[in-house]
Structures are given as C-alpha cells and as structure tokens.
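# Per-entry structural report
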Amino acid sequence: MNSVKALAESPDLNSIPSLYAYSKNATDSPASDPQDPIPTIDFSLLTSADPDQRSQVIQELDKACKDWGFFQVINHGVPESLMKMVMEKAGEFFNLTGEEKQDFQEKDVLDPIRYGTSFNSKKDKVFCWRDFLKVIVHPEFHSPNTPLGFRFDIKSQRLKGLTCDCSEVLLEYSNRTREVVRGLLSGISTSLGLDQSYVEKALKLESGLQICIANLYPPCPQPEVAIGLPPHSDHGLLTLVINNGVSGLQIKHDGKWIDVKDTLPNSFLVNTADQLEIFSNGKYKSVEHRAVVNDVVTRISVVVANGPALDAVVRPADKLVDEERRPVAYIPMKYEEYLKMQQGNQINGKTCLDRVRV
Ligand code: OGA
Ligand code: NI
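Residues numbered from 1 in each chain as written. Chains lettered and ligands numbered in written order. Predicted model: local features only at pLDDT ≥ 70, side-chain atom pairs only at ≥ 80, totals over all residues. Heavy atoms only, no water.

### So, the sheet that holds strand β2 (residues 70-74)
We apply this condition: Strands are treated as partners if at least two bridges between them are detected by DSSP. Going along the chain from the N terminus, every DSSP run of H or I of four or more residues is numbered as a helix, and every run of E of two or more is numbered as a strand. Note on geometry: axes are lines fitted to C-alpha atoms, helical ones only across the stretch in contact, with angles between N-to-C directions running from 0 to 180 degrees. Residue contacts are defined here by distance: any two heavy atoms, one from each residue, within 4.5 Å place the two residues in contact.
Spatial strand order, β1-β2-β10-β7-β12-β5-β4-β3: 8 strands in an open sheet with mixed pairing. This sheet does not close on itself; its edge strands, each paired only once, are β1 (40-42) and β3 (113-117). Geometrically, the sheet is characterised by an average inter-axis angle of 25 degrees between neighbouring strands, direction not taken into account. The strands touched by helix α2 (residues 51-67) are β1, β2 and β10 (268-272); relative to β1, the strand with the most contacts, the crossing angle is about 150 degrees. Sitting on the sheet, helix α3 (residues 80-94) touches β3, β4 (131-138), β5 (210-217), β7 (238-243), β10 and β12 (299-306), and the angle it makes with β12 is about 115 degrees.

Structure representation (structure tokens):
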C-alpha cells in the first residue's frame, strides 16, 4: 500500500504526485475564523440533580444541534490520561513498519480492523492526504494486538484516574466514550421532545456500532493543493473527535467553512451525523466537515463514530412527523445498508443522504 506517511517521508519531496491534486470546487471555499464561539456543552449538567440546570443544558444541546451540528463537550468524565494514551498509541501504530501494518490492510468495509489510505482507495479518483486505521470496538470489541500496544499494563500506573481494572486502552476508551455518547443521546432524545430513553431503544444502542478511527495527516509540501479529507458528513449518530493539538478540522456553519481551533483543553469535539438527521426528520442536520493539511507538522486525530445497531432500521421518529408541517423527509433504511453505501463509495459532501431523502 502506498501510504502518505511513506510518501511524505521520501527525501526531496517538493511537490505532490498528481493523484493527490484536489481541485476545489466553488462550494469548497477557504475557511475563516468563527464569528460566534463554537457551542460548549457541560456534560456533567446532563445528570445534574437540579432540574433547572438539566433543562438549561438540554436547551443548549438543542440549539447546538440545530444551529451548528457541532459542539465541544467539557466535564465529560473521561480521564485526560486515557485520552492522551489513545493519541499516543494511535501515533505508535502509524510508526510500525509497512510490513507490520500490512496485516490489517483493508478488504471489506465491515472488516473489524482496517488500515488504509485516502478514503476508499479502490474508488477514489483523487487521493486524500491521509492514512487511517479503523477498528470496530462495539458491539464486539476488536483491537490490533501487539506491536500496536493498544494493550496496556495498568500496573505501570500511567493511566491514572481509571476506575475499572480493564487493561486495554482502546477497550477503556471505547467504554468511556460510549457512556458520553449515551448521555448526549439521552439529552438529545429529551431535546427532541421524546422520552429520555427513546433514541436508545428505537436505535438499539445497547448493540450500537462504534468504530474507532485513527487518522494520520503527515506534513504535505503543497497543502493548498491537497486535502486531508474532502467535505463530507459522517454516517452514524454522533462522532467524537480529539487530536494532537494540531488544527485542521473545518466545519461548515451558516454556509461558510470555519476553522475549528482554540477549543477547550481535554474537550471532545462532537459532530452530528446522518442517522441523527434522518431520525430527527431533519431537525438536526448532519454537519459537513473536512480536514485540511499543512506543510509543517503531522496531525493525528482519533475519531469515535457512534451509530445505531447495524440491523436497526432508521426512520424519522413518529412524534417528529407532522403531515402538514413536517412531513416525512427520509425513507427508512437499515443502518448497515447505509453504512456500506457510504463507506463503499467516494466521499462527496452529503450526497449519500440524497439516497434516502423523500
Ligand atoms: C472523519 C473525520 C476529521 C479529523 O474521520 O470522518 O471527519 O479531524 N475526521 O480527522
Ligand atoms: Ni468525518
């Protein structure tokens, strides 16, 4: 596999191969700084004993999902040491030799562990300046074994503040982030005017699909010509992103691209994804985002994509349909089918949603 990491490390690389020359179209304008601050959600308030505090944060969640589809989450309870460790391990994975990584080279989109480059290298006409590792961590947990080192000996005490004796960084990260997502989705269930556990039950989150993705964006000699990930929306419900402090994520807000930067330390960046748009009958649109690259430093992000159960059929919730004011806007589709369609093609804005729009 021709990883961008290997390409970026080749001596005297002054320009990018034409395969990576991404021609931006008219809607692909440069980003600017946000005019309004990115919304912040204090996760701890979602479980507050004070009903006023809880309803306040649910209103904020509603506004963030409606107006942005993007927000940062603070006081989420996931230990900083665990977040750091996951970032570190992701970096270590990419530093393995090509031969070692070869074992996980991508085949099928539902393979539990997939290492690859670009988005879908079998279909992409222009390659993204990005290598990735995608691991399905729920409902069945998978993890690359050694030498990845996602396995971690708790006895070495580097992971402080963990309450369980689980010895896997990735397993722990998967469990802890899933708790955050379940909390957010129960708040979102309420903000949509549904029972707190409605989303959980309707979309069978008990066996919800969770994929952990490590993205590597090495320095690029012509960052303005290449793209890390082109504009797209994610397939699931909510995506949690952390990165190594290097900016590069951009989101579309009010029709303009903005840089996601100066976010709060140890926060999760959360974006709404396609299944939430469908389920909410368009009330909460999935946010379009992209990743740009730079010519100085490597950016690494660790992304946790959280979706319904693979066999859940996703459709607008009955209560959110009103034949006169809010007619059904999306046709039902099994999440597995949607996922295969999204992952098995080139990525292109929100065109995947067109396949289920009424
Ligand atoms: C993704 C994604 C953004 C980033 O993996 O779907 O949008 O910051 N990543 O790496
Ligand atoms: Ni994405």
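That was the structure; now back to the text.
### Re the packing of aromatic side chains
How two aromatic rings sit relative to each other is set out by the distance from centre to centre and by the angle between their planes. Put simply, the test is: The pairing test for Phe, Tyr and Trp rings, Trp by its six-membered ring, is centres within 6.5 Å, and the orientation test on the planes gives stacked under 30 degrees, edge-to-face over 60, and tilted for anything in between. A ring is considered to have a charge above it if a Lys NZ or an Arg CZ atom is located within 6 Å of its centre and within 35 degrees of its normal.
Inspection of the entire model under this criterion finds 7 aromatic pairs. Plain terms: the ring middles of Tyr20 and Phe127 are 6.0 Å apart, the flat faces sit at 85 degrees to each other, and that makes the pair edge-to-face. In this pair, Tyr20 is assigned in the loop between α1 (4-8) and β1 and Phe127 in the loop between β3 and β4, connecting sequence segments 107 residues apart. Ring plane angle 80 degrees and centroid distance 5.5 Å describe the contact between Phe93 and Phe94, whose orientation is recorded as edge-to-face. Ring-pair connections join several aromatic residues into one group, and the members of that group are Phe93, Phe94, Phe104 and Tyr115. The ring centre of Phe132 lies 4.8 Å from the NZ or CZ of Lys134, which sits over that ring. Its guanidinium or amino end placed over the ring of Trp257, Arg290 lies 4.1 Å from that ring's centre, counting from NZ or CZ.

### Focus: the layout of surface pockets
Cut-off, in case you're wondering: Buriedness of a pocket was judged along seven lines, with at least five required to meet protein on both sides within 12 Å; pockets are open sets of points on a 1 Å grid over the protein atoms alone, cavities are sets where a 1.4 Å probe fits but cannot get out, and lining residues have an atom within 4 Å of a point. Grid points are joined across faces, edges and corners, and a volume is the space filled by probe spheres set on the points. Three classes are used, and their members are as follows: Ala, Val, Leu, Ile, Met, Phe, Trp, Tyr, Cys and Pro are nonpolar, Asp, Glu, Lys and Arg are charged, and the others, Gly among them, are polar.
What the largest pocket holds in volume is close to 460 Å³. Lining the largest pocket are 21 residues, and of these Ile242, Asn243, Asn244, Gly245 and Asn266 lie nearest its centre. Only α3 and β7 provide two or more residues apiece to the lining of the largest pocket. The residue makeup of the lining of the largest pocket, split by class, is 10 nonpolar, 7 polar and 4 charged. In this structure, the second largest pocket occupies an estimated 380 Å³ of space. Every residue lining the second largest pocket is counted, 22 residues in all, and those nearest its centre are Tyr22, Pro230, Pro231, Ile347 and Asn348. Its residues placed into classes, the lining of the second largest pocket shows 10 nonpolar, 7 polar and 5 charged.

### So, the site of ligand 1
To keep things clear, this is the line we draw: Nearness is judged by heavy atoms alone; a residue qualifies as near a molecule or strand once a single heavy atom is within 4 Å of it. N or O atoms within 3.5 Å of each other form a polar contact, as long as, within protein, one can give a hydrogen and the other can take it, and as long as residues adjacent in sequence are counted only when both atoms are side-chain atoms. Here the accessible surface of atoms and residues is derived via Shrake-Rupley with a 1.4 Å probe, and residues count as covered only by protein chains that are part of the display. Each molecule is assigned to a cavity or pocket provided more than half of its atoms lie within 2 Å of the corresponding grid points.
The full set of residues close to ligand 1 is Arg130, Asn215, Tyr217, Leu229, His232, Asp234, Leu249, His289, Arg299, Ser301 and Val303. One of the side-chain N or O atoms of His232 is found 3.1 Å from an oxygen atom in ligand 1. Take Ser301: an N or O atom from its side chain is 2.6 Å from an oxygen atom of ligand 1. Its free accessible area being 290 Å², ligand 1 has 94% of it covered by the protein chains. One can see that ligand 1 is located within the largest cavity. When residues of the shell around ligand 1 are traced back to their parent elements, those giving at least two are β5, β6 (229-232) and β12. For the shell around ligand 1, the element with the most residues is β12, which contributes 3 residues. Looking at the shell around ligand 1 residue by residue, the class counts come to 4 nonpolar, 4 polar and 3 charged.

### Side note on the coordination of the nickel ion (ligand 2)
The expected angle between donors at a tetrahedral four-coordinate metal is 109.5 degrees. At an octahedral six-coordinate metal it is 90 or 180 degrees. Going by this rule: Donor selection uses N, O and S atoms within 2.8 Å of the metal (3.2 Å for Na, K and Ca). Since no water is included, sites may look incomplete. Burial status follows relative accessibility: with a 1.4 Å probe on protein chains alone, a residue under 20% of its type maximum counts as buried, one over 50% as exposed, and anything between as partly exposed.
Protein coordination at the nickel ion (ligand 2): the donors are His232 (NE2), Asp234 (OD) and His289 (NE2), at 2.1 to 2.2 Å from the metal. The motif formed by the donor residues of the nickel ion (ligand 2), counted along the single chain, is H-x1-D-x54-H. Taking the relative accessible area as the measure of exposure, Asp234 reaches 13% and is therefore buried.

### Brief notes about the packing of α2 against helix α5 (residues 169-191)
For the record, the criterion: Any angle between 65 and 115 degrees counts as roughly perpendicular, while under 35 counts as roughly parallel, over 145 as roughly antiparallel, and the rest as oblique.
Where α2 contacts α5, the two axes come as close as 9 Å, and the packing angle between them is 85 degrees. If you check the angle between α2 and α5, you find them roughly perpendicular. Between α2 and α5, the contacting residues are Arg54, Ile58, Leu61, Asp62 and Cys65 on the first element and Leu184, Gly187, Ile188, Thr190 and Ser191 on the second. Its residues assigned to classes, the contact of α2 with α5 comprises 5 nonpolar, 3 polar and 2 charged.

### Digging into empty space enclosed by the protein
Applying the stated rule across the entire model yields 3 cavities of 30 Å³ or more. In this structure, the largest cavity encloses a volume near 310 Å³. Along the wall of the largest cavity there are 24 residues; nearest its centre are Leu229, His232, Asp234, His289 and Val303. A per-class count over the lining of the largest cavity returns 11 nonpolar, 9 polar and 4 charged. If you add up the space inside the second largest cavity, you get close to 100 Å³. Lining the second largest cavity are His138, Arg178, Val181, Arg182, Leu185, Leu205, Gly208, Leu209, Gln210, Leu237, Asn306 and Gly307. Grouping the amino acids of the lining of the second largest cavity by side-chain chemistry returns 5 nonpolar, 5 polar and 2 charged.

### Some thoughts on the side chain of Ser48
When you line up the elements, Ser48 lands in the loop between β1 and α2. Side-chain polar atoms of Ser48 contact the backbone nitrogen of Asp50, separated by 3.0 Å. At a separation of 2.8 Å, a polar atom in the side chain of Ser48 contacts the side chain of Gln53.

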